[in-house]
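Coordinate inspection notes
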Amino acid sequence: MTAAIAVEGLRKRFGGLTALDGVDLAAQPAEVLGIIGVNGAGKTTLMNCICGIYRADEGRVLIGGRDMTGLPPHEIARAGVGRTFQIPRVFGKMSLIDNLLVPVLGRDASDRLLIEQAEAMLERMRLLDLRHNFAEELSGGQQKLLEMARMLMPSPKVVMLDEPFAGVHPTLCRFMIDQIEVMAAEGNAVLLISHDLTSIYRLSNRVVALNAGRVIAEGSVGEIRGNPAVVEAYLGA
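To start, this report covers the structure provided alongside it. Quick caveat, the model's predicted, so the values are computed rather than measured. (Residues numbered from 1 in each chain as written. Predicted model: local features only at pLDDT ≥ 70, side-chain atom pairs only at ≥ 80, totals over all residues. Heavy atoms only, no water.)

Quick look at the overall build of the protein chain
The helix and strand tally for the protein chain stands at nine helices and ten strands. In summary, the protein chain has a C-alpha radius of gyration of 18 Å against a globular reference of 18 Å for 237 residues, a match within 12%. Overall size of the protein chain, expressed as C-alpha extent along the three principal axes, is 55 × 35 × 35 Å. Relative to its 237 residues, the protein chain shows a buried fraction of 47%. When contacts within the protein chain are restricted to residue pairs at least 6 apart in sequence, those whose partners lie at least 24 apart make up 67%. Split by element, the accessible area of the protein chain, about 11200 Å² in all, is 50% carbon and sulfur. Of the side-chain charges in the protein chain, 24 are positive and 27 negative, and the distance between the mean point of each set is 2 Å. (Helix = DSSP H or I, 4+ residues; strand = E, 2+ residues; numbered from the N terminus. Rg over C-alpha atoms; globule rule 2.2 N^0.38 Å. Buried < 20%, exposed > 50% of the residue type's maximum accessible area, 1.4 Å probe, protein only. Contact = heavy atoms within 4.5 Å. Areas by Shrake-Rupley, 256 points an atom, 1.4 Å probe, with all protein chains shown as cover. Lys, Arg positive; Asp, Glu negative; His and termini not counted. Charge placed at Lys NZ, Arg CZ, Asp CG, Glu CD.)

This is the structure in structure tokens:
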């Protein structure tokens, strides 16, 4: 089976700093791949290279077997890659409805149909009653839900979530976990970065551990939990 996303030998340098050093990973449709590592391990840089914000110095990114390496972010998004950020990037002076319409502008569909789709997505994220509010009026957790809804509007095949649980109330965190499970059940390959290892272990089919830009371990949750290299990276020798 062709992987929904495959990263091959990815390297990214910033001057004398090697942020990614030959990273390989792959995720299948309907799989949650957890990506863990201490601060500075290269997790967010990896996502930035996948979605085209950074251009990798070496290696390839394939989406559904198609080589997307070096393409600009909008083309990678059109190929079916969605992404959220640790600090939500919403359009603060726009309504929630308008935020969701941005990624589907130019679609061959009526305005009414797109608005109905946006309202359905907001209802899914428990934000429908706020649909006419400005995004800047939402709490931080609600902005994360809005960004998640906006990411899903174009029906991506690969979704990448960067620290979705950071700074989020436990009740909202549980709701997000449920939504991520739904994303996978809908057939999305999910790349999940989080320092919340409890949530990572609950959600992930497999886990990749990064340290200093390298993959130091990959496997099931049980294999990662007991891996000496992972324990050392988190706790020290």
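Let's talk about helix 4 (residues 111-124)
Three- or four-residue spacings in an α-helix give side chains the same orientation, since the helix completes a turn every 3.6 residues. Here helix 4 is 14 residues long and its end C-alpha atoms lie 20 Å apart, about the 20 Å a rise of 1.5 Å per residue gives. All buried positions along helix 4 are accounted for by Leu 114, Ala 118, Met 121 and Leu 122. The buried residues of helix 4 occupy an angular sector of 100 degrees when projected down its axis, which confines them to one face. The outward face of helix 4, more than 90 degrees from its buried face, is lined by the exposed residues Arg 112 and Glu 123. Packed against the buried residues of helix 4 are helix 3 (96-101) and helix 5 (140-152). At the exit of helix 4 stands Arg 126, carrying a positive phi of roughly 60 degrees. (Expected span 1.5 Å × (residues − 1). Arc of directions from axis to C-beta.)

A look at the pairing of strand 8 (residues 189-193)
Across the five residues of strand 8, five count as buried, placing the element largely inside the fold. Here strand 3 (residues 32-36) pairs with strand 8 via four bridges, running parallel. Paired with Leu 33 across the strands is Leu 191, a residue of strand 8. With five bridges connecting them, strand 7 (residues 158-162) and strand 8 associate as parallel partners. Residue pairing across strands places Val 158 opposite Ala 189, the latter belonging to strand 8. With helix 6 (residues 170-185) bridging strand 7 and the parallel strand 8, this β-α-β connection has right-handed handedness. (Pairing = 2+ DSSP bridges. Right-handed = clockwise from strand over helix to strand, strands pointing away.)

Brief notes about the packing of aromatic side chains
As enumerated under the stated definition, the model contains one aromatic pair in all. The interplanar angle of 75 degrees and the centroid separation of 5.3 Å between the aromatic rings of Phe 14 and Tyr 54 together place this pair among those described as edge-to-face. Of this pair, Phe 14 sits in strand 1 (residues 5-14) while Tyr 54 sits in the loop between helix 1 (43-50) and strand 4 (58-63), and the two are 40 residues apart along the sequence. Look at Phe 14 and you get partly exposed, because its relative accessible area is 35%. The side chain of Lys 12 reaches across the aromatic face of Phe 14, ending 5.2 Å from its centre. Positioned over the ring face of Phe 85 is Arg 89, at 4.0 Å from the centre of the ring. (Phe/Tyr/Trp six-rings, centres within 6.5 Å; stacked < 30°, edge-to-face > 60°. Lys NZ or Arg CZ within 6 Å of the ring centre and 35° of its normal.)

Focus on the pattern of salt bridges
Going through the model one piece at a time under the given rule, you end up with 16 salt bridges. Where Asp 21 meets Arg 214, a salt bridge forms, and the shortest distance between an N and an O atom there is 2.8 Å. Highlighted residues: Asp 21 in strand 2 (residues 17-27) and Arg 214 in strand 10 (residues 214-219), separated in sequence by 193 residues. Across the pair Arg 206 and Glu 31 runs a salt bridge, and its minimum N-O distance is 2.6 Å. Here Glu 31 lies in the loop between strand 2 and strand 3 and Arg 206 lies in strand 9 (residues 206-211), a separation of 175 residues in the sequence. With relative accessibility at 22%, the residue Arg 206 sits in the partly exposed group. A relative accessible area of 9% means that Glu 31 is categorised as buried. Taken together, the salt bridges that share partners define one network made up of Arg 11, Arg 13, Asp 21, Glu 58 and Arg 214. (Salt bridge = Lys/Arg side-chain N within 4 Å of Asp/Glu carboxyl O.)

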